[in-house]
Amino acid sequence: MTDKLTEEDRDAALAPLLDSGWHMVEGRDAIAKTFAFRNFIEAFGFMTRAALWAEKWNHHPEWSNVYKTVEVTLTSHDVEGLSARDVKLARKMDALVG
């Protein structure tokens, strides 16, 4: 189990993610981002690569895919909010498309 981000950790950890297109989810302690690709194959390839990391780290996103768009929401259900695992997976997802 991991701990929920402290207020001090949140500011430092979330600022770069918010600058890169992640946003806070209204009504939840969660972050979300929409990834847009050129086509379905690229979108599905991204999901496959991200799924390998999510499984390795035992932290699975809430996500959906429609054609070339992947919607991702990250939160840690066991702490009922954001944790370092969410930040780590968000950074990895950004790197996978970067």
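Since this is a predicted model, take the numbers as computed values, not measurements.

**Student:** When you look at the nonpolar core in this model, what are you seeing that I'm missing?
**Tutor:** Soluble globular proteins: nonpolar side chains tend toward being buried together. Membership of the largest hydrophobic core comes to 21 residues, with the highest contact counts inside it found for Trp22, Ile31, Phe35, Val70 and Met93. Mapped onto this core, the elements with two or more residues apiece are helix H1 (7–19), strand E2 (31–36), helix H2 (40–56), strand E4 (69–74) and helix H3 (84–97). When residues of this core are assigned to their parent elements, the largest contribution, five residues, is made by H2. Not counting chain neighbours up to four residues away, the residues in contact with Met93 comprise Trp22, Phe35, Phe46, Ala50, Pro61, Trp63 and Val72.

**Student:** Would you mind going over H1 with me for this structure?
**Tutor:** Turn by turn, an α-helix covers 3.6 residues, leaving residues three or four places apart pointing in a common direction. Counted at 1.5 Å a residue, the expected span for H1 with its 13 residues is 18 Å, and the 18 Å between its end C-alpha atoms agrees. In H1, a bend of some 30° at Ala13 exceeds every other bend along the element, and Pro16, a proline, comes one to four places later. Of the surrounding secondary structure, the elements contacted by the buried residues of H1 are strand E1 (23–24), E2 and H3. At the C-terminal side of H1, Gly21 shows a positive phi close to 110°.

What counts, and at which threshold
Residues numbered from 1 in each chain as written. Predicted model: local features only at pLDDT ≥ 70, side-chain atom pairs only at ≥ 80, totals over all residues. Heavy atoms only, no water. Core = buried A, V, L, I, M, F, W, Y, C linked by side-chain atoms within 4.5 Å. Buried < 20%, exposed > 50% of the residue type's maximum accessible area, 1.4 Å probe, protein only. Helix = DSSP H or I, 4+ residues; strand = E, 2+ residues; numbered from the N terminus. Contact = heavy atoms within 4.5 Å. Expected span 1.5 Å × (residues − 1). Bend = angle between axes of the 7 residues up to and from the residue.

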